[in-house]
Amino acid sequence: MSEGAVGRESLVDDEGVVLFGDILRLVNTIGDRAARVMRDATGLTGTEFEVLLRLARQPQNRATNARLAQELSVDSGGLTRLIARMEAAGLLTRHPHPDDRRATLLEPTPHGWDQLTRALEAHVPQVTADLLEPLTQVERLILRELVSKVLTSDAGSRQSATPGSCTAHESHPDPPHVKQTNGDTP
């Protein structure tokens, strides 16, 4: 066996590579089911659901495009097209920002609120069954702590320096939000 093959074999089985693959598989498996459940219930894509959910969590249920782009980890051009489609579908509306003439505030419409509610009614039982029910209360708390620790660490906040590399978000373009609870099933 060549020296390159030996090095490659050890990298293929690297603990971080294997764990990252397992996390992607988990996100994609649960995410695909969640997207399908929400789409069947409402017609919303996972990203449309995320926009409405993020707006619902904002003060006064409003946010700027820039704030949403940051929270969703998407570029402003992609978000602008998404917002235009959602506005045309009657899911959200734009309002002038009271303090910044260059910015607009986005807000769900009554139809957007209805769709979000219907999506959550379908999503919560599915994500509970897929993500929470297999775990004990203690395991849920530990998982939440570990995920938070990685996300808030320096490694969790670094941008990829490798051109063409893929992040978990890019591998699942419509990631559904996994609702966090206080440890109780929602």
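In what follows, the structure referred to is the one given above.
Every chain is numbered independently, its residues counted from 1 as its sequence is written. Residue-level local features of this predicted model are given only where pLDDT is at least 70; pairs of side-chain atoms are given and counted only at 80 or more, and the full residue set underlies all totals for whole chains, interfaces and linings. In computing side-chain values, all of the structure's heavy atoms are included and hydrogens and water are not.

Undergrad: When you look at the pattern of salt bridges in this model, what are you seeing that I'm missing?
TA: A side chain with one charge may pair with a side chain of the opposite charge, provided their charged atoms come close. Salt bridges are identified by distance alone: a Lys or Arg side-chain nitrogen within 4 Å of an Asp or Glu carboxyl oxygen. The final tally for this structure, using the stated rule, is 8 salt bridges. The salt bridge involving R102 is made with D100; its shortest N-O contact spans 3.3 Å. Under the relative-accessibility criterion, R102 is labelled exposed at 78%. Three labels apply to residues, based on accessible area from a 1.4 Å probe with only protein chains included: buried if under 20% of the type maximum, exposed if over 50%, partly exposed otherwise in between. Using a relative accessible area of 24% as the deciding quantity, one classes D100 as partly exposed.

Undergrad: What's the story with the pairing of strand β3 (residues 104-108) in this structure? I'm lost.
TA: Regular strands place side chains that alternate from one sheet face to the opposite one. Helix and strand assignments follow DSSP, with helices taken as H or I runs no shorter than four residues and strands as E runs no shorter than two, numbered in order from the N terminus. Counting buried residues in β3 gives 4 out of 5 residues, a clear majority hidden from the surface. Examined bridge by bridge, strand β1 (residues 63-64) and β3 share 2 bridges and lie antiparallel to one another. When the sheet's bridge partners are listed, A63 is paired in β3 with L106. Two strands qualify as a pair provided that DSSP identifies no fewer than 2 bridges between them. Sheet analysis places strand β2 (residues 92-96) next to β3, joined by 5 bridges and oriented antiparallel. Along β3, the bridge assignment pairs T93 with E107.

Undergrad: Just checking my understanding: could you explain the nonpolar core for this structure?
TA: If you look at soluble globular proteins, the nonpolar side chains tend to sit buried side by side. Judged by nonpolar contacts, the single largest core of 21 residues is most densely connected at V51, L55, L68, L79, I83, M86 and L92. Elements that contribute at least two residues to this core include exactly α2 (15-42), α3 (46-56), α4 (65-72), α5 (76-88) and α6 (110-132). Here, the term nonpolar core denotes a set of buried Ala, Val, Leu, Ile, Met, Phe, Trp, Tyr and Cys residues that are joined through side-chain atoms within 4.5 Å.

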